[in-house]
Amino acid sequence: MVDSKKHWKAWLYLSPAIILLLVFTVWPIFNTLRMAFLNDYGNMAAIGGQTFGFGIQNFIKVIEYKEFLQCLQNTALLCVATVPISTVLALLIAVALNSIKPLQKTLQTIFFLPYVTNSIAIGMVFAAMFNIVGLKQGSHMADTWGIINNVIQFFGGEPINWINAGSSYVANMAVMIIYIVWNALPFKILILLGGLQSINKQYYDAAKVDGTPKRRVLTRITIPLLSPMLAYVIITGFIGGFKEYSSIIGIFGEKMGPADDAGRLNTMVGFVYDALERDRQGRASAAALILFAIILIVTLINNKVIKKRVHY
Amino acid sequence: MKVVLENLTKIFPSRDKKSQNQVVAVSDFSFEIPDGQLVGLLGPSGCGKSTTLYMISGLQKPTSGKIYFGDDDVTELSTENRGIGLVFQNYALYPHMTVQQNIMFPLQNLTGKDKLSKQQMLDRAHEAAKLVQIDELMDRKPSELSGGQQQRVAIARALVKMPRVLLLDEPLSNLDARLRLQTREEIRRIQKETGITTVFVTHDQEEAMSISDIIVVMKLGVVQQIGKPQSVYDDPANLFVAKFLGTPPINVLEGKVLDGKVYIGDQAVMSVSGVEDMDVYIGIRPEGIEPAPDGVFECKLNNVEVMGRDASVVSTHTAALSPVIRAIISSDIHVDTASETVKYNIKPHKFFLFSKETEERIYFEVK
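Since this is a predicted model, take the numbers as computed values, not measurements.

Criteria and thresholds
Residues numbered from 1 in each chain as written. Chains lettered and ligands numbered in written order. Predicted model: local features only at pLDDT ≥ 70, side-chain atom pairs only at ≥ 80, totals over all residues. Heavy atoms only, no water. Helix = DSSP H or I, 4+ residues; strand = E, 2+ residues; numbered from the N terminus. Polar contact = N/O pair within 3.5 Å; in protein donor to acceptor, adjacent residues only side chain to side chain. Contact = heavy atoms within 4.5 Å. Salt bridge = Lys/Arg side-chain N within 4 Å of Asp/Glu carboxyl O. Nonpolar A, V, L, I, M, F, W, Y, C, P; charged D, E, K, R; others polar. Domains from an automatic or database assignment. Buried area = accessible area lost by both parts, 1.4 Å probe.

Novice: What exactly am I supposed to notice about the side chain of Asn74(A) here?
Specialist: Residue and element names in this part refer to chain A. Relative to the helices and strands, Asn-74 is located in helix H4 (residues 66–99). One polar contact links the side chain of Asn-74 to the main-chain carbonyl oxygen of Asn-266, over a distance of 2.8 Å. Discounting residues that sit within four places of it in the chain, Asn-74 has contacts with Tyr-169, Met-173, Arg-264, Leu-265 and Asn-266.

Novice: Can you walk me through the interface of chain A and chain B in this structure?
Specialist: One widely used convention gives an interface's size as the accessible area the parts lose upon coming together. Across the contact, 18 residues belong to chain A and 21 residues belong to chain B. For the pair chain A and chain B, the number of links is one salt bridge. Counting across the interface, chain A meets chain B through eight residue pairs in polar contact (both at pLDDT 80 or more). When residues in the side of chain A that touches chain B are grouped by element, the largest group, seven residues, is from helix H9 (residues 201–209) of chain A. Grouping the amino acids of the side of chain A that touches chain B by side-chain chemistry returns eight nonpolar, five polar and five charged.

Novice: Hey, could you run me through the domain arrangement of chain B in this one?
Specialist: Residue and element names in this part refer to chain B. Here chain B is partitioned into domain 1 (3–243) and domain 2 (250–366). Put simply, the middle of domain 1 and the middle of domain 2, counted by C-alpha atoms, are 38 Å apart. Buried surface at the junction of domain 1 and domain 2, both sides included, amounts to about 1000 Å², of which 49% is carbon and sulfur. It is Tyr-233, Leu-239 and Ala-242 in domain 1 that bury the most area against domain 2; as a group they hold 50% of the surface buried on that side. Ionic pairing is found between Arg-361 and Asp-235, a salt bridge with its closest N-O pair at 2.7 Å. In this structure, the connection of domain 1 to domain 2 is made through seven residue pairs in polar contact (both at pLDDT 80 or more). In terms of residue count, helix H8 (residues 239–244) provides more of the side of domain 1 that touches domain 2 than any other element does, three residues in total. Grouping the amino acids of the side of domain 1 that touches domain 2 by side-chain chemistry returns five nonpolar, one polar and three charged.

See the structure below:
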């Protein structure tokens, strides 16, 4: 038993962390819950002396918004498309990186660069790549295209309007998926490469003695032994995917969509920000809680599915 | 299947490109392992025994020299085409597979005309499991097995393909003392039952002596002596082999040969012929000296350790290279522990001379 006279010392040492957690984590969580269940709550209105009834009005309103369903659809689509693609690509790249000796360090650095680069900056570069660089001159469109369209033209294809006014939803989503996958790769490669390098080499020697074909080594040995890392990468990938926001801003700017259809690519987090901007903290809180519930359910399902396949 | 090693050499290049310190792991190793024999590669760590094993397995390529299985030159053949079974030091069982899946794994890789049906694979796996007596554990994961059971699974996995040659890397080093005794008998039994030519690596001389048909003693990549365990023990080729084999180890003393007599200090302990006058190392096995009132070799007596059947007389002598000189005798023989000194008689066939210069054995005849 610790001398009770020394207890104040323990609390003193813990206090910086506890105070920060209380102010910036515990209180906001509590406050979000409170605001979500106060009908039509808004900060400015609250300062103005208005009182709010307790209820689930905010949740009903949020679900009734057409924009909200659009945001939910965009977010879900991005998640479902990018997490599997980026995980499979990261696995293949990590396995390839792990199996080569020369230039391994150099390639590792190259693959890791996106991780240390600002995602808004990357978004702007992607926007330029997919852009139609020339602007309208009267009714005539100057055909200076971004590099992607240049490549398409080089191979004899028709340039595609990826992100500019008049572009299609499919084209917009394709750009977002490519961008998000590319952006998500380095972290996943890093985790999987670390996992690969910690697998005992003797398993591979044993497989070699038995004449195991490469594909079977991958599916029967490498992937099962890597499964804890794969599970981690998939779960965090889904959690990150549901919080997707800055990548849309990076490419489409704050309009969250092509010039003629603002908000078309808005996401759940974007919806929360929009509500906050309009002094509708109650709606924002309700939307945040819905997002939280979705992430929780998806993670639980993930856990359930993965548990059977992960070998710790 | 006999295994022939011909001038086998393995040189590891230095890690640092600038320095020239390449490592000769195995140097010019030639040996024919007869069909169906159990061969122990024995030596201290870094002697090249594991490298030799891995060259036979094909996981490492020799720098020069040839390897034959029977009459086939397998030197350039890749591991999977050699038809070997390899048991790794830490077993390398796939942790995510059950015992049955582990044992069946090599069979599932077979293609073409060797391809087996699911039922055939199961039968073969059960047959192998039965041989090593783990057929009750087929549904367990390796982490749910004891060290000894994991070892058996590893052996079953190596045997299930019916390899031409079975290779074991330090098979007993991860087991506790009791299990080690049991497992080495087991390895012996399995080898005799299957008749597969088997090579195993160990640094434990007792292990090698107890189960091998032939032992190969190695030091720093060079083979020191090859032979039946008992004949290597009784007739060591040099001081290293003499010191490496035997527990407790051989007693080594400095001495000299003068006018047909071997001297330790100023005591003449044996008359020999056919040896020039020279400085020598003298090796005497602990069972080769016996206390006797009229003994020729007098030492300072320390104490007597009685261990049931045997007793160990511990004494010292200034010429000895080790701190003590040990004699193993029957505990029936009485030694006067109150005495300051002890006199020993020496059995000539347990008494070896080695050149002080080369440490090679010097052969002599007792007069």
